[in-house]
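Observations on the three-dimensional arrangement
Spelled out, the chains give:
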Amino acid sequence: MHAGEVTQRQIIRLRGTPLALTACLAFVTVSASLGAQVTATPARATPAAPAAPKKQKVVDFTGSLGFSQTNGNASALATNVTNKVKVTLAGWSFQQDLAFFYGEANEKVNTNFWNAGLRGDRTVADRISLFLASRYDRNVVQGIENRFQQGFGVTVKAVEEPRQKLHVAIGGSLFSQQLTEGSVAKVSRAFPAARAAVDFRRQLTDLAYVQQTAEFLPAIGDTASSYFVNTESAVVAPLSKSVGLKVGYVIRYNSEPPVRNSVQLRAMDTFFSSGLTLTF
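I will try to describe carefully the structure that is included in this document. Keep in mind the model is a prediction, meaning the values are calculated, not measured. (Residues numbered from 1 in each chain as written. Predicted model: local features only at pLDDT ≥ 70, side-chain atom pairs only at ≥ 80, totals over all residues. Heavy atoms only, no water.)

Some details on the pairing of strand S15 (residues 268-279)
Definition in use: Between any two strands, pairing holds if DSSP finds at least two bridges. Strands here mean DSSP runs of E at least two residues long; helices mean DSSP runs of H or I at least four residues long; both are numbered from the N terminus.
As judged from the 4 bridges shared by strand S1 (residues 59-70) and S15, these two strands associate in the antiparallel manner. Residue Leu65 lies in a different strand from S15, and its bridge partner there is Leu276. Bridge analysis of strand S12 (residues 243-254) against S15 gives 11 bridges, and the strand direction is antiparallel. Within S15, the position partnered with Leu245 by the bridge is Leu276.

As for the packing of aromatic side chains
Selection rule: Two rings from Phe, Tyr or Trp (for Trp, the six-membered ring) form a pair when their centres are within 6.5 Å of each other. A pair whose planes differ by under 30 degrees is stacked, one over 60 is edge-to-face, and the rest are tilted. Only protein chains enter the area calculation, which uses a 1.4 Å probe; residues under 20% of their type maximum are buried, those over 50% are exposed, and those in between are partly exposed. Criterion for a charge above a ring: Arg CZ or Lys NZ at most 6 Å from the ring centre, at most 35 degrees from the ring normal.
Evaluated as defined, the whole model comprises 13 aromatic pairs. Relative to Trp114, the ring of Phe100 has its centre 4.2 Å away and its plane inclined at 40°; by these criteria the two rings are tilted. Here Phe100 is found in strand S3 (residues 92-105), whereas its partner Trp114 is found in strand S4 (residues 108-125), with 14 residues between them in sequence. Owing to a relative accessible area of 33%, Trp114 belongs among the partly exposed residues under this scheme. The ring of Phe131 is capped by Arg119, whose NZ or CZ atom sits 4.0 Å from the centre of that ring. Arg201 extends its terminal NZ or CZ atom over the ring of Tyr209, reaching a point 3.6 Å from the ring centre.

Remarks on unusual backbone geometry
Positioned with a positive phi, Asn106 is a non-glycine residue whose angle comes to about 50°. As for its placement among the helices and strands, Asn106 is situated in the loop between S3 and S4. In this structure Asn106 comes out as exposed when scored by relative accessible area, which is 53%. A positive phi angle, near 70°, is found at Arg127, a position not held by glycine. Considering the arrangement of structural elements, one finds Arg127 in the loop between S4 and strand S5 (128-139). Relative accessible area serves as the criterion here: at 37%, Arg127 is assigned to the partly exposed category.

Quick look at the structure:
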């Protein structure tokens, strides 16, 4: 029976009934029929509210520490300290990083390496930013007492996904260096260089990741035959939400290393490290 219709049987039952009561009974009959139809009609599902976007962290900090010591017939000491701090504010990004490796064997220093930097980035378009950077290096074993680098350039976020990223940077740098006593090199104390770099990171889980960075710095001008290649590989496995185990491998290559006391120094130094890392 459709809504608004009264069957013949219902009409017969209403005959002989006062008009007012008849109207009331008819209204009740129609209302009951409409109510049954509304009950039978399935309710439409309320669309789920869109997930709130993940809030970006303003400050990111990562630090690691490794240490080993050997005593007895031979003595050796090795330590490494690294840290990275990144602050993000309204299109600006400021970064500070440090890597320190120190080692002794039989009471003789065989590793003394510092690498620290400051960098500021400004987003100018979707996935494109400009940067200024300043860096300090010290690698006594390779004949570098002090080396300062002032750089600039543009970074393109070629891949920017939740699980992986690939950033490509091009620009230039101005080097100023001081060699260790008794060391000489073909490159001058101050020289310009071009710069190309990549930074790749793959998130394995929410806390574990692998990261690979590399930069190529060819000298410009009268030292055009000289170039530097710097790379860093890292794997981090979590032990808890904030603490993990980090394994790293750093390469520093100088195509024309200094000559110290008439001895040609090696072109490449490598640093392998492992230790605990703290992230928050």
